[in-house]
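Report on the structure
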Amino acid sequence: QVQLVETGGGLVQPGGSLRLSCAASESIFPTKYMAWYRQAPGKERELVADITGGGITNYADSVKGRFTIASDNAKSTVYLQMNGLKREDTAVYYCNVRGIATSIWGQGTQGTVSS
């Protein structure tokens, strides 16, 4: 069974940066869609950013201009570069990778923004 492994979370001060990575244990071909979601304490999971297999990206309004999503379709790997982090970005971040008939979630990685 294919698994996703997320890395890159941690503690950072406001204004700092984190880079998240999500790698599949084996390639999902074709990779149609990859995304990052997040869930803050007491809140519902929300879409942060996504990217299609063709490279079209979409961002939540709250992260536009600060976060960048990128992917390596051949490796079914997706990245999230987070700059200018704010306290309200604190959450568990989850990646989601979809093939034709597959939707797989990572286990989540904690990102904490605090001074």
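Everything below is about the structure shown above.
Residues numbered from 1 in each chain as written. Predicted model: local features only at pLDDT ≥ 70, side-chain atom pairs only at ≥ 80, totals over all residues. Heavy atoms only, no water.

Within the protein chain, the secondary structure is distributed over zero helices and 11 strands. Tracing the protein chain from N to C terminus, the helices and strands come up as β-β-β-β-β-β-β-β-β-β-β. Relative to the globule expectation of 13 Å for 115 residues, the C-alpha radius of gyration of the protein chain, 13 Å, shows essentially globular dimensions. Along the longest, intermediate and shortest principal axes, the C-alpha atoms of the protein chain span 40 × 25 × 20 Å. Within the span of the protein chain, comprising 115 residues, buried residues form 43% of the whole. Here the analysis covers contacts within the protein chain between residues at least 6 apart in sequence; of these, 53% occur between residues at least 24 apart. Of the accessible surface of the protein chain, which amounts to about 6,100 Å², a share of 49% is contributed by carbon and sulfur atoms. A distance of 3 Å separates the average location of the 11 positive side-chain charges in the protein chain from that of its 9 negative side-chain charges. (Helix = DSSP H or I, 4+ residues; strand = E, 2+ residues; numbered from the N terminus. Rg over C-alpha atoms; globule rule 2.2 N^0.38 Å. Buried < 20%, exposed > 50% of the residue type's maximum accessible area, 1.4 Å probe, protein only. Contact = heavy atoms within 4.5 Å. Areas by Shrake-Rupley, 256 points an atom, 1.4 Å probe, with all protein chains shown as cover. Lys, Arg positive; Asp, Glu negative; His and termini not counted. Charge placed at Lys NZ, Arg CZ, Asp CG, Glu CD.)

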